Amino acid sequence: MDKQRNSFLEQVKSQIKSKEAKAFVSSELHYHLNEVKAYWLQKGLSEDQAEEKAVNQMGNPVSIGQNLNRIHRPKVDWVTLMLFAAALLLGFLPLLSQGYLNENHFSTYKVGFVVMGGMIALGTMFIDYRKFANKGWLFYILGILFLVFFTQHFNTLVDGQAVLKIGSLKIEDLIAIPFFLLAWAGFFQSDRFKMWKFLLLFVLSSYFFLQFDVTTLFIYVSMTFAMIWWSKLKKKAILIVLGSISALVVTWGVIGWMTVAYYQKYRVLSFLNPYNSEYLTSQFGLLKIHHLFMEAGWFGKHSFADQFIPQAHTTFVFLSFTYYYGWLFAAILVLVLSLVAMRIIFISRTLNDTYSKLLLVGVMMIYIVQLVGNVGMIAGFFPMTNMSLPFISYGLMPTLLNAFLIGIVLSVYRRKNLLPSNKLSSN
């Protein structure tokens, strides 16, 4: 009777083009055949009779295969791809407004960043992310090793941030984030993962991130907290742990405030009262930022002749973009970038698989923290940091990170009809 079952499955799979779909359909059909066979065994049929009955009850294998080929064909998320392409193209506008596209150095590098970002996103889309589900420890160890190596070998500071500089290439600790995204998704999907393990692993990794850049640490903490909330751990335990961590951070902050140097306190007070102090040594203060932002008007100034904006193509890219192109174009930019976040949320809501949902929750949080953080600090809601604006800020590492995030979204969408939770219905 195994021969009859195997013949049926081979005929079904012969109609399916995708290798991933073939494996998924074979597993699901085995599941349903065993269910139907068990039913007939309970009715008193013999093993062979029940098997034959189950196979015949499934229906015509050719028509079943054709239907399943349409249902489970890997799909391309064209909406996300178009938004991704639009964001990458918008990233050229700040360079165009500042005349950097006429400089071979900036234009060549920017094109290179975009091409590499596109390759990362598309390459990740074709990788079956589900193979990483049980490799949480591997990715965590790789992330820690990267941070340890970075600790030992970073050799310069750029805008106060530690980087590993190899020629003209600047490698930041931001590139470790994907390792921990995959690690926590693997850990949190398991019912056996314990809270004490989370505390130990989280404190260790946070310590290494703290050695380099508070901005990256904030992204990492936000990602991890969001993912643990959607994990299989009990909500009461999560609230207790997160509350305890928050209390420790506040205590550390109070103690730190009493011991830090005056200029560090001055920066915090500058944020709280920007109209009475200035933030940057270049005399480019929060009051100046607010003035330039409001002065832009609906259609912008189309010139930087009378103004100097430091880091106009990186940290302060949203300010320079708004000042040159105006509030209308700035609103369009924010809309496009926000639609990317909304698309990620929409896809995550259609998933029932825990691992896939955790990945998208982490992706969404990493992306939103960057978007809201960069725009919010220009609008005066958040303190000044080196937070990049996704796809718009000039730089290789932020571009590659966000391209990888888009690639994960595309990979999940491509296989969302191949998840174990989507049971096939018997005929």
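Quick note: structure is the one above.
What you see is a predicted model, and the numbers here were worked out from it, not measured in a lab. In every chain, residue numbers begin from 1 and rise along the written sequence. In keeping with the model being predicted, local features are shown solely for residues with a pLDDT of at least 70 and side-chain atom pairs are shown and tallied solely at 80 or more, while totals for entire chains, interfaces and linings include all residues. Only heavy atoms go into the side-chain values, all of them from the structure, while hydrogens and water stay out.

S.K.: Where do I start with the overall build of the protein in this structure?
M.R.: Only runs of H or I of at least four residues qualify as helices and only runs of E of at least two qualify as strands under DSSP, and these elements are numbered from the N terminus. Of regular secondary structure, the protein possesses 18 helices and three strands. Residue exposure (1.4 Å probe, protein chains only): buried if accessible area is under 20% of the type maximum, exposed if over 50%, otherwise partly exposed. Counting the 427 residues in the protein, one finds 50% classified as buried. Two residues qualify as a contact provided that any one of their heavy atoms is within 4.5 Å of a heavy atom in the partner residue. The contacts of the protein with a sequence gap of at least 6 include a subset with a gap of at least 24, amounting to 71%. On the protein, roughly 21,400 Å² of surface is accessible, and the fraction owed to carbon and sulfur atoms is 64%. The protein chains shown are the only cover counted for residues, whose accessible areas, like all others here, come from Shrake-Rupley with a 1.4 Å probe.

S.K.: Teacher, can you tell me more about the nonpolar core here?
M.R.: For soluble globular proteins, nonpolar side chains are generally found buried alongside one another. Core analysis: the largest hydrophobic core is formed by 108 residues, its most contacted members being F180, W184, F188 and F198. Among the elements that make up this core, the one with the highest residue count is helix α17 (residues 354–379) (14 residues). Ignoring sequence-local partners within four residues, the contact set of F180 consists of Y140, G143, I144, L147, S205, F209, Y220 and M223. The nonpolar core is taken to be a set of buried Ala, Val, Leu, Ile, Met, Phe, Trp, Tyr and Cys residues, with the residues joined through side-chain atoms within 4.5 Å. One finds V25, L33, M58 and I64 within the second-largest nonpolar core, a separate group that totals 17 residues.

S.K.: How should a positive patch on the surface be read in this particular structure?
M.R.: Residues K17, R70, R73 and K75 make up a contiguous surface patch of positive charge. With respect to the helices and strands, the residue K17 is situated in the loop between α1 (2–13) and α2 (19–42). Since its relative accessible area comes to 72%, K17 is described here as exposed. What goes into a patch is any residue over 30% in relative accessible area without a salt bridge, connected to like charges within 9 Å or, for nonpolar side chains (Val, Leu, Ile, Met, Phe, Trp, Tyr), within 5 Å. A carboxyl oxygen of Asp or Glu within 4 Å of a side-chain nitrogen of Lys or Arg is what we treat as a salt bridge. Here the positive residues are Lys and Arg and the negative ones are Asp and Glu; neither His nor the chain ends is included. Taken as the charge location is NZ of Lys, CZ of Arg, CG of Asp or CD of Glu.

S.K.: Would you take a moment to explain the side chain of R343 for this structure?
M.R.: Checked against the element boundaries, R343 lands in helix α16 (residues 327–349). Setting aside residues no more than four positions away along its own chain, R343 makes contact with D77, V79, T80, L83 and Y413.

S.K.: Looking at this structure, how should I read the packing of helix α5 (residues 78–90) against α16?
M.R.: Each packed pair of helices is defined by two parameters, the angle between the axes and the distance between the axes. Where α5 meets α16, the closest approach of the two axes is 10 Å, and the angle between their N-to-C directions is 150°. In terms of orientation, α5 lies roughly antiparallel with respect to α16. Relative to α16, the crossing made by α5 is left-handed. Residue-level contacts link V79, T80, L83, A86, A87 and L90 of α5 to L333, V336, L337, L339, V340, R343 and I347 of α16. When grouped by side-chain class, the residues that make up the contact of α5 with α16 number eleven nonpolar, one polar and one charged. Note on method: axes are straight lines fitted to C-alpha atoms, helices fitted across the in-contact stretch only, with angles between N-to-C directions ranging 0 to 180 degrees. The scheme is simple: roughly parallel for angles under 35 degrees, roughly antiparallel for over 145, roughly perpendicular for 65 to 115, oblique for anything else. The hand of a helix crossing depends on one turn: near helix anticlockwise from the far one by less than a right angle means left-handed, and clockwise means right-handed. As a working rule, the residues Ala, Val, Leu, Ile, Met, Phe, Trp, Tyr, Cys and Pro are called nonpolar, Asp, Glu, Lys and Arg charged, and the rest polar, with Gly in that last group.

S.K.: Which parts of the structure should I look at to understand the pattern of salt bridges?
M.R.: Across all of its chains, the model carries three salt bridges by this definition. Residues R130 and D128 are paired through a salt bridge, measuring 2.8 Å at the closest nitrogen-oxygen approach. Residue R130 is classed as partly exposed on the basis of its relative accessible area of 24%. Classification of D128 as buried rests on a relative accessible area of 11%. Two residues, R415 and D128, come together in a salt bridge whose shortest N-O distance is 3.7 Å. With R415 in the segment after α18 (396–414) and D128 in the loop between α7 (104–125) and α8 (136–153), the pair connects residues that are 287 residues apart, well separated along the chain. The residues R415 and D128 share a single accessibility class, namely buried. One network of salt bridges, in which partners are shared, links D128, R130 and R415.

S.K.: Is there a simple way to think about helix α3 (residues 47–58) in this case?
M.R.: Given 3.6 residues per turn, any residue in an α-helix points the same way as the ones three and four places further on. Counted at 1.5 Å a residue, the expected span for α3 with its twelve residues is 16 Å, and the 17 Å between its end C-alpha atoms agrees. Along α3, the residues classified as buried are A50, E51, A54, V55 and M58. Mapping the buried residues of α3 onto a view down its axis gives an arc of 130°, with all of them on the same face. G59, located one to two residues past α3, shows a positive phi value of around 110°. Take the number of residues in a helix, subtract one, and multiply by 1.5 Å to get its expected span. Within this analysis, the arc is defined by the directions that extend from the helix axis to the C-beta atoms.

S.K.: Got a minute to help me understand the environment of N60 in this structure?
M.R.: The residue N60 is located in the loop between α3 and α4 (61–71) in this model. Taking the C-alpha atoms as reference, N60 lies 9.2 Å from Q11; in sequence the two are 49 residues apart.

S.K.: Honestly, the packing of aromatic side chains in this entry has me stumped. Any pointers?
M.R.: Aromatic rings in a pair are described by how distant their centres are and how their planes are angled relative to each other. Two aromatic rings from Phe, Tyr or Trp, using only the six-membered ring of Trp, form a pair when their centres are within 6.5 Å; if the ring planes differ by under 30 degrees the pair is stacked, by over 60 it is edge-to-face, and anything between is tilted. Throughout the structure, instances matching the rule amount to 27 aromatic pairs. Between the aromatic rings of F187 and F193, the centroid separation amounts to 5.0 Å while the plane-to-plane angle is 5°, which identifies the pairing as stacked. Judged by centre distance (5.9 Å) and plane angle (75°), the ring pair of F188 and F193 falls under edge-to-face. An identical accessibility class is assigned to F188 and F193; each is buried. Taken together, W137, Y140, F180, W184, F187, F188, F193, F198, F202, F209, Y220 and F225 form an aromatic cluster joined through their ring pairs. Taking NZ or CZ as reference, K235 lies 5.3 Å from the ring centre of W229, over its face. Charges are assigned to positions over rings by a cutoff of 6 Å between ring centre and Lys NZ or Arg CZ, combined with an angular limit of 35 degrees from the ring normal.

S.K.: Just checking my understanding: could you explain unusual backbone geometry for this structure?
M.R.: Working note: non-glycine residues mostly have negative phi, and peptide bonds are mostly trans. For F391, which is not a glycine, the phi torsion comes out positive at approximately 70°. Position of F391 relative to the elements: it lies in the loop between α17 and α18. Relative accessible area serves as the criterion here: at 3%, F391 is assigned to the buried category.

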